[in-house]
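# Structural overview for review
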Amino acid sequence: MTSPLAWSPALATGIAAIDDQHRQLLARAGEVLESLAKGEREVIERALAYLASYAKFHFAEEEAHMLRLGYPRLDDHRAEHGDYVRRLRTLQAHFDGEGDSDAVSTSIDSLVSAWLLDHIGRVDRHFAEYARTAGSGG
């Protein structure tokens, strides 16, 4: 199983509030992965629920910031956020039904680590660059 996720300066957007929220998302995703590795069902359930709730909060905050700055890719960004939340909820349902089967564990691992890292490192960076040129990097 994947090791816990760690914040890296390479993931920084330069927008303090968003970077703080990304740290929290990665920490919670790391808790999910650690719990999967240990087979701690109750901890996994709580961590997945919190991750879903916090992701929705973070995405709303990020999208509000984008709206304020007139970010031209807001609709695409919003669609990615919605897709993540839907996929996470689907995985929660599979976990509730199947437990931490290999297939469910692999899917959770992929979604909470690869998707988050790719989204922060690629998609959120586009916004961060836009925010800097718009004069609102922090």
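Read on for a plain summary of the structure. (Residues numbered from 1 in each chain as written. Predicted model: local features only at pLDDT ≥ 70, side-chain atom pairs only at ≥ 80, totals over all residues. Heavy atoms only, no water.)

## Here's the deal with the packing of helix H2 (residues 41-69) against helix H4 (residues 102-133)
- Relative to each other, H2 and H4 sit at 15 degrees, their axes nearing to 12 Å. In terms of orientation, H2 lies roughly parallel with respect to H4. As H2 runs across H4, the sense of the crossing is left-handed. Mapping the contact onto sequence places Leu48, Leu51, Phe59, Glu62, His65, Met66 and Leu69 in H2 and Ile108, Val112, Trp115, His119, Asp124, Phe127, Tyr130 and Ala131 in H4.
- Grouping the constituent residues of the contact of H2 with H4 by class yields 11 nonpolar, two polar and two charged. (Axes fitted to C-alpha atoms, helices over the stretch in contact; angles between N-to-C directions. Helix = DSSP H or I, 4+ residues; strand = E, 2+ residues; numbered from the N terminus. Parallel < 35°, antiparallel > 145°, perpendicular 65-115°, else oblique. Left-handed = near helix turned anticlockwise from the far one by under 90°. Contact = heavy atoms within 4.5 Å. Nonpolar A, V, L, I, M, F, W, Y, C, P; charged D, E, K, R; others polar.)

## Describing the packing of aromatic side chains
- Overall, the coordinates contain seven aromatic pairs when judged by the stated rule.
- Through a chain of ring-to-ring contacts, the aromatic side chains of Tyr50, Tyr54 and Phe57 assemble into a single cluster.
- Taking NZ or CZ as reference, Arg28 lies 3.7 Å from the ring centre of Tyr50, over its face. (Phe/Tyr/Trp six-rings, centres within 6.5 Å; stacked < 30°, edge-to-face > 60°. Lys NZ or Arg CZ within 6 Å of the ring centre and 35° of its normal.)

## Overview of the packing of helix H1 (residues 16-38) against H4
- Relative to each other, H1 and H4 sit at 165 degrees, their axes nearing to 9 Å. Between H1 and H4, the interaxial angle falls into the category roughly antiparallel. In the packing of H1 onto H4, the handedness of the crossing is left-handed. Where H1 abuts H4, its residues Ile18, His22, Leu25, Leu26, Ala29, Val32, Leu33 and Leu36 lie against Ser105, Ile108, Asp109, Val112, Ser113, Leu116, Leu117, Ile120, Asp124 and Phe127.
- Looking at the contact of H1 with H4, its residues break down into 13 nonpolar, three polar and two charged.

## Looking at the pattern of salt bridges
- Under the counting rule described, the total for this entry stands at eight salt bridges.
- Taking the shortest distance from any N to any O, the salt bridge between Glu31 and Arg28 comes out at 3.4 Å. One end of the pair, Glu31, and the other, Arg28, are both in helix H1, three residues apart, so they sit about a helical turn from each other.
- Judged by relative accessible area, Arg28 falls into the partly exposed class, the value being 22%.
- Taking the shortest distance from any N to any O, the salt bridge between Asp118 and Arg122 comes out at 2.8 Å. You can see Asp118 and its partner Arg122 sitting in helix H4, four residues apart, about one turn around the helix.
- For Arg122, a relative accessible area of 41% corresponds to the partly exposed category.
- Residues joined in a network through salt bridges with shared partners are Glu63, Asp75 and Arg78. (Salt bridge = Lys/Arg side-chain N within 4 Å of Asp/Glu carboxyl O. Buried < 20%, exposed > 50% of the residue type's maximum accessible area, 1.4 Å probe, protein only.)

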